[in-house]
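These are the residues of each chain, in order.
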Amino acid sequence: YNSLCCVDAKNQKMTKDINYSIEEIGRTSKIILSLNPSSKIFIFNGEMGSGKTTLIKAIIKELGYKGTVSSPTFSIINEYLNGDKIYHFDFYRIKNKNELLDIGIDEYISSNNRCFIEWPNLITDMLPDKHIELNIDVISSDVRKLTINY
């Protein structure tokens, strides 16, 4: 487990790199939630099978949700309640921005509830500046490199 941090002067965001294994995912989730507590929008980039859903599940558990967290691959949106609403989106099957507008994505994003978004390519221009971007790279079968822009 290791961690680095620096500032990207061009876009005024901090960057943090973390290498983690599944055993360290709880601690990694705590770090993610502590980086910019006022940010409610989290976008996740990574190849299929890199661990986006697994990391989101760990973060939602860290937020105190006690129920089952599952992938919204077919439902597009899952909603969880832990006193607050938490939204988990998977836009892998979304073909164009109109589909996002049809489900009311702008309302979700402006709701001030936490939103965790997988496959965010079509939505990045609709996001507030203070969103957190998480990029997951597969290092080995049990280690991931997480680059966080916040």
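Note: the structure precedes this text.
In this text the structure is predicted, and so the values were computed from the model without any measurement.

Each value, and the rule that gives it
- Just so you know, the residues in each chain are numbered from 1, in the order the chain's sequence is written.
- Local features in this predicted model are restricted to residues whose pLDDT is 70 or higher, and side-chain atom pairs enter the listing and the counts only when it is 80 or higher, whereas totals over whole chains, interfaces and linings include all residues.
- Side-chain metrics rest on all non-hydrogen atoms present in the structure, leaving aside hydrogens and water.
- By definition, a salt bridge exists where a carboxyl oxygen of Asp or Glu is found within 4 Å of a side-chain nitrogen of Lys or Arg.
- Buried means the residue's accessible area, taken with a 1.4 Å probe over protein chains only, is under 20% of the maximum for its type, while exposed means over 50%, and partly exposed covers the values in between.
- Helical segments are the DSSP runs of H or I of at least four residues, strand segments are the runs of E of at least two, and each set is numbered from the N terminus.

## Observations concerning the pattern of salt bridges
Right, so step 1: One pass over the full model with this rule turns up two salt bridges.
Right, so step 2: One salt bridge connects Arg 27 with Glu 24, and the closest N-O pair in it is separated by 3.8 Å.
Right, so step 3: On the basis of relative accessibility, which here comes to 45%, the residue Arg 27 falls in the partly exposed class.
Right, so step 4: What makes Glu 24 buried here is its relative accessible area of 18%.
Right, so step 5: For Asp 125, the salt bridge identified is with Lys 97, shortest N-O distance 2.6 Å. Taken as a pair, Asp 125 in the loop between strand E6 (114-118) and strand E7 (132-140) and Lys 97 in helix H3 (residues 97-102) lie far apart in primary sequence, 28 residues in all.
Right, so step 6: Since its relative accessible area comes to 58%, Asp 125 is described here as exposed.
Right, so step 7: Residue Lys 97 is classed as partly exposed on the basis of its relative accessible area, which comes to 27%.

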